[in-house]
Amino acid sequence: MVIQEIARNGASPGVDAPSPEALDGSIERLQEYFRRIQDPAGFWWGELESNNTMEAEYVMLSRFLGHHNPEREQHIVNYLRSKQLDDGSWAIYYGAPGDLSTTVECYFALKLCGEDPQADHMRRARQFVLERGGVPRARMFTRIWLALFGQWEWDGTPNLPTEMILLPTWAPLSIYRFASWARGCIVPLSIVLSRRQARPVAPEHAIDELFPDGRSGTDYSIPAPPGLNLPRLVHLAERLLGKTYNRLPWNPLRKFAERKAIRWILDRQEADGSWGGIQPPWVYSLIALSLCGTGNEHPTMARGFAGLDGFSIQKGDRWTIQGCISPVWDTCLVVQGLAESGLSPDDPMLESATRWLVDKQILVGGDWQVQAPQLQPGGWAFEFHNNCYPDIDDTAEVVLALRLGKLPGSEDHLRQDAISRAAEWVQGMQNKDGGWASFDKDNNHGYVTALTFSDFGEVLDPSSADVTAHVLEMYGKLGYKTDQVFLQEAYRYLRQEQEEDGSWFGRWGVNYVYGLGAVLPALEAAGENLRQPYVRRAVQWLIDHQNPDGGWGESCASYIDSAQRGVGPSTASQTAWAIMALVAAGYGDHRATHRGVSYLLETQLAEGNWDEPYFTGTGFPGYLKGERVDRIPQAGERGFQGAELSAGFMINYHLYRNTWPLIALARYQASRAQGDRIGKPPGNGYRPMEPPARTSAHPA
């Protein structure tokens, strides 16, 4: 039935196919666009837009540390006001309903900057907050920020003893049982939450008006999770043990643990002043060091402040700060697009980018060695500097780029050596389930999510289908024979992860369209027989979710509402992922693919790029364990979030709208030239292996 339906949708040559001239012109405009915006050093770097807690927390950090600048604060006020929604709120992603916690933080930041609470924009924000229960309903991180300024009681924050730093790596609650991003927050926050010190604000900056029952009438305790389950038992144990431990008259371990935690923090500051290359551990580390007596003039603090400036963007009279930056990721995707679209490897643009990528390989150890102590380094990070946390996903995509480039003469061995080191490192980072995560190996101990502290988003880094697919694509295109055991395990993992409807969950991109855009090209690169029913089911899902305008789109709300899977306004990046998937499966000459390409050609701007306000990148979907769930939590259950994605972190990569379309158009062009066939036969040494039985929720 599925195969017949695909055939009825049309696969005859020439149906709705864009003209070769239009396709060539679009690709040439894109090539010139990237030539214009390349940095002289060889890289590309687009803005990474997230949500306005970034600006609000910068204001709070600066005020807490006595490092604020009035002129900059005014520019932040201008930016925050430009992002406020009509109902007075601020949202997690474009098109989302307002988020309570984000709005509380923005409101407080504006008051710290001197905004009049009786002004219309403040009145609307206040009304939004109060209608949703006020500050007492805000997330845990927001409560911690407010407690630092005396605007929340420390009793309403989690117990997180600094002594955790003393646990051996094999201990059940070792900091290394948490994901890299959570670990980087836990260590400094353990100091903050153990010291429980506040630097109160002036009365005119207080936010008592955001408490529906007033400060004195508020219950500051942390509510127990609903039901009789592990999180509830852990919550009760935390309260009992935490109160008892914190009341000890003499605690010989506390100071020792704090000194070790400070040393851990200092050792992990990167050359650019960051911690982990991301905002949360960065700001918490600066706060923890300040609480322990480190002055702003200390070199570590000075580097931290200067590094934050490097993540900022001045837009006229508005100032914003990125939660992370993505130059390595942006560069390797641009290189793939340029090379696959016909640019010669010795073109100066590609040669300089290749050299820059080779130089960015990380050849020192990091936290990943806790689980792989004998493995030699060889990965790449997402950012300019992040030696402690190279990224497996970035590494796979960098290798896919480097295989298409070259360095002049005898220097090219540097590129080849970098690829070899990366291939060995990635293989050594494979998880026991056959998949790959992003930063760590076998970081999937679900019990840590029962901790009260963990109820804010995601604290684990398990395998994901999209990262695993990019790795499989890397090995396939490097010519690895996929009958090797470790690649067969990766194949089985991907088969297990397929959804009942034929799609794949997108952990790091929105969402099922992204998953398909990663998995089907990986299967093609691995030489899979793409005539199989499970591939046809995936193709049919894409065809069924194509928009009337020919494009594809998917809302971030698909992470919490199954009815939103594959549903949303068309975007250039998501349309590109769908085209890449269809071309990989052998449907380059299908009517749906032609229509998708036509959508890209018709919406391309004269400069060669696209407009795309929608967020198509994912930091955290907000699932606690960091992986797709069999059942989305409902209202009243632990982990529930609405369409606002209150526990999520969504991203608009400003180069996605241009990099992915170039790759997609290049592959479409190649498929037309090769006379593409539906369901390509297997190759590259592929030996099919039946996946094991799977749960009823995710049959193959």
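Please read all numbers here as calculations on a predicted model, not as lab measurements. (Residues numbered from 1 in each chain as written. Predicted model: local features only at pLDDT ≥ 70, side-chain atom pairs only at ≥ 80, totals over all residues. Heavy atoms only, no water.)

A. A look at the side chain of Asn 658. By the element assignment, Asn 658 lies in helix H23 (residues 656–674). One polar contact links the side chain of Asn 658 to the main-chain amide nitrogen of Trp 610, over a distance of 3.0 Å. Residue contacts for Asn 658: discarding those within four places in its chain leaves Leu 30, Tyr 33, Phe 34, Asn 609 and Trp 610. (Helix = DSSP H or I, 4+ residues; strand = E, 2+ residues; numbered from the N terminus. Polar contact = N/O pair within 3.5 Å; in protein donor to acceptor, adjacent residues only side chain to side chain. Contact = heavy atoms within 4.5 Å.)

B. Layout of the nonpolar core. Of all hydrophobic cores here, the largest spans 210 residues; its most connected members are Trp 436 and Leu 520. When residues of this core are assigned to their parent elements, the largest contribution, ten residues, is made by helix H21 (residues 572–584). (Core = buried A, V, L, I, M, F, W, Y, C linked by side-chain atoms within 4.5 Å. Buried < 20%, exposed > 50% of the residue type's maximum accessible area, 1.4 Å probe, protein only.)

C. Expanded view of the packing of aromatic side chains. Taken as a whole, this structure holds 35 aromatic pairs when the rule is applied. Each ring, one from Tyr 559 and one from Tyr 623, has its centre 6.4 Å from the other, and the planes form 70 degrees; the classification is edge-to-face. Of this pair, Tyr 559 sits in the loop between helix H20 (533–544) and H21 while Tyr 623 is found in the loop between strand S4 (617–620) and strand S5 (649–653), placing the two residues 64 residues apart along the sequence. By relative accessible area, Tyr 559 is classed as buried at 0%. An aromatic cluster of at least three residues, connected via ring pairs, comprises Trp 329, Phe 382, Tyr 514, Trp 577, Tyr 653, Tyr 656 and Trp 660. Over the face of the ring belonging to Phe 64 we find Arg 199, whose NZ or CZ atom lies 4.3 Å from the ring centre. Stacked on the ring of Trp 508, the Lys or Arg Arg 507 has its end atom at 3.7 Å from the ring centre. (Phe/Tyr/Trp six-rings, centres within 6.5 Å; stacked < 30°, edge-to-face > 60°. Lys NZ or Arg CZ within 6 Å of the ring centre and 35° of its normal.)

D. Seen up close, the packing of helix H3 (residues 53–64) against helix H11 (residues 279–291). It is the contact of H3 with H11, at a shortest axis distance of 11 Å, that shows an interaxial angle of 10 degrees. Considered as vectors, H3 and H11 are oriented roughly parallel to each other. The handedness of the crossing between H3 and H11 is left-handed. Residues Met 54, Glu 57, Leu 61 and Phe 64 of H3 form the contact with H11, whose own contacting residues are Gln 279, Val 283, Leu 286, Ile 287 and Leu 291. Residue classes in the contact of H3 with H11 are distributed as seven nonpolar, one polar and one charged. (Axes fitted to C-alpha atoms, helices over the stretch in contact; angles between N-to-C directions. Parallel < 35°, antiparallel > 145°, perpendicular 65-115°, else oblique. Left-handed = near helix turned anticlockwise from the far one by under 90°. Nonpolar A, V, L, I, M, F, W, Y, C, P; charged D, E, K, R; others polar.)

E. Fine view of the confidence of the model for the chain. A residue-level look at the chain finds 93% of positions with pLDDT of 70 or above and a mean pLDDT of 92. Ignoring residues within four places in sequence, the model shows residues 1–5, a span with pLDDT below 50, making five contacts including any to other chains. Throughout residues 7–14 the model reports pLDDT below 50, and contacts reaching past four residues in sequence, or to other chains, amount to 13 contacts. (pLDDT = per-residue confidence, 0-100.)

F. Looking closely at the environment of Pro 462. Within the secondary structure, Pro 462 sits in the loop between helix H16 (412–428) and helix H17 (465–477). Judged by relative accessible area, which is 9%, Pro 462 ranks as buried. For the pair Pro 462 and Tyr 656, spaced 194 residues apart in the sequence, the C-alpha separation amounts to 25 Å. For Pro 462, the contacting residues outside a window of four places in its chain are Asn 431, Trp 436, Ala 437, Asn 443, Asn 444, Lys 625, Gly 626 and Glu 627.

G. Up close: helix H5 (residues 100–112). Taking 1.5 Å as the rise per residue, H5 with 13 residues should run 18 Å; its terminal C-alpha atoms sit 18 Å apart, in good agreement. The backbone nitrogen of Ser 101 has a side-chain oxygen 3.5 Å away, supplied by the residue at the start of H5, namely Asp 99. At the C-terminal side of H5, Gly 114 shows a positive phi close to 95 degrees. (Expected span 1.5 Å × (residues − 1).)

H. Region of the structure containing unusual backbone geometry. The backbone phi angle of Asp 442 is positive, close to 50 degrees, even though this residue is not glycine. Topologically, Asp 442 is positioned in the loop between H16 and H17. Residue classification places Asp 442 among the buried residues on the basis of a relative accessible area of 12%. The backbone phi angle of Leu 645 is positive, close to 55 degrees, even though this residue is not glycine. Here Leu 645 lies in the loop between S4 and S5. Accessibility expressed as a relative area gives 0% for Leu 645, which makes it buried.

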